[in-house]
Amino acid sequence: MGALIFDFDGVIADSEAIANTVLAKTVSDLGHPTTLDQALSRYSGKRWVDVLAEIETAIGRPVPTDFLGAFNRATLDRLRSDLKEVSGATDFIRKFSSIPRCIASSSSMERLQLCLSVLGLEAEFDGRVFSADMVARGKPHPDIFLLAAEKLGAKPAECLVIEDSAGGIKGAVAAGMTAIGLCAASHIRDGHDEVLRNAGAVHLATSWREVEQIARHFFRMAG
């Protein structure tokens, strides 16, 4: 039957714009004025160590010792109050409940659990939420996708991955999986579809309705 593997931020949770708004303010407060669009273009989809290096270069000094903790607290507070789903995500998840599925995300387990609670989706992924903290190498390496397939008892070639980042697409492709590049969340900007295609996305979608059509064909399900 195969399996569905979901990225989370920017795929199920419309959280990237929220997190990058907080990051833009945090960097601005350090003396380097930064807009949401600038934060998205400079930092989105990068490893946190690389993000920190870019910020320190921009401000010309090391970030404060409490920078990461303060940013994480501020982000979780905003997610707790403002988070919404990417339109259509919950409906899709429930329509395809017969297909084994999981979340494979670069986010921390703390953030994933909070967001799933806010969205009322905890029961949909009970025991099937995997964080990059669980593997040696994060995206764009295939480790988290291979872990997910193993846990679901699926062969990589039978897995359909829904991602919104180039790193995630590259990781899915490296794992031998079919990747959909989803451009439906509020942080998506012009040209992002080409970025995902160039990363190896076999399919592109601008809505969960389009993902549904692709998934039904992939799993050979009736419409």
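Structure's up top.
This structure is a prediction, so every number in the text was calculated from the model and none was measured.

(A) Looking closely at helix α1 (residues 16-29). Relative to the 20 Å expected for 14 residues at 1.5 Å per residue, α1 spans 20 Å between its end C-alpha atoms, a close match to the ideal helical length. Extensive coverage of α1 is indicated by the burial of 10 of its 14 residues. Burial in α1 covers these residues: Glu16, Ala17, Ile18, Ala19, Asn20, Val22, Leu23, Ala24, Thr26 and Val27. Of the residues one or two after α1, Gly31 is the one with positive phi, at around 100°.

(B) The layout of surface pockets, seen in detail. Considering only enclosed or pocket space, the largest pocket measures out at about 1,500 Å³ in volume. Along its surface, the largest pocket is lined by 47 residues, and Glu16, Tyr43, Ser44, Gly45 and Lys46 are the ones closest to its centre. Where the lining of the largest pocket is concerned, the elements lending two or more residues are α1, α2 (36-43), α3 (48-59), α4 (67-82), α6 (109-119), α8 (166-174) and α9 (192-199). Classifying every residue of the lining of the largest pocket gives 15 nonpolar, 18 polar and 14 charged.

(C) Focus on the pattern of salt bridges. In the structure shown here, the tally under the stated rule is 14 salt bridges. We note a salt bridge from Asp77 to Arg80, for which the minimum N-O separation is 2.9 Å. Of this pair, Asp77 and Arg80 are both found in helix α4, 3 residues apart, which corresponds to roughly one turn of the helix. You can call Asp77 partly exposed: its relative accessible area is 47%. The partly exposed category is assigned to Arg80, whose relative accessible area is 47%. If you follow the salt bridges from partner to partner, you end up with Asp91, Lys95, Glu212 and Arg216 in one network.

(D) Layout of the nonpolar core. Leu4, Phe6, Phe8, Ile12, Ile103, Ile162 and Trp208 are the most contacted members of the largest nonpolar core, which has 36 residues in total. Among the secondary structure elements, those contributing two or more residues to this core are β1 (3-6), α4, α5 (89-95), α6, β4 (159-163), β5 (178-182) and α10 (208-218). Looking at this core element by element, the count peaks at 5 residues for α6. Not counting chain neighbours up to four residues away, the residues in contact with Trp208 comprise Phe6, Val11, Val86, Ser87, Gly88, Ala89, Phe92, Ile162 and Leu182. The next biggest cluster of nonpolar side chains, apart from the first, holds 25 residues, and it includes Val135, Val161, Ile169 and Ile188.

(E) View of α4. In a regular helix each residue adds 1.5 Å, so 16 residues correspond to 22 Å; α4 covers 22 Å between its end C-alpha atoms and thus fits that length. Within the sequence span of α4, burial applies to Phe67, Phe71, Thr75, Leu76 and Leu79. Along the axis of α4, the buried residues cluster in a sector spanning 150°; they form a single face. Residues of α4 that are exposed and angled more than 90 degrees away from the buried face: Arg73 and Ser81. Here the buried face of α4 lies against α1, α3 and α6.

Each value, and the rule that gives it
Residues numbered from 1 in each chain as written. Predicted model: local features only at pLDDT ≥ 70, side-chain atom pairs only at ≥ 80, totals over all residues. Heavy atoms only, no water. Helix = DSSP H or I, 4+ residues; strand = E, 2+ residues; numbered from the N terminus. Expected span 1.5 Å × (residues − 1). Buried < 20%, exposed > 50% of the residue type's maximum accessible area, 1.4 Å probe, protein only. 1 Å grid on protein atoms, 1.4 Å probe; cavity = no way out; pocket = protein on both sides within 12 Å on 5 of 7 lines; lining within 4 Å. Points joined across faces, edges and corners; volume = space filled by probe spheres on them. Nonpolar A, V, L, I, M, F, W, Y, C, P; charged D, E, K, R; others polar. Salt bridge = Lys/Arg side-chain N within 4 Å of Asp/Glu carboxyl O. Core = buried A, V, L, I, M, F, W, Y, C linked by side-chain atoms within 4.5 Å. Contact = heavy atoms within 4.5 Å. Arc of directions from axis to C-beta.

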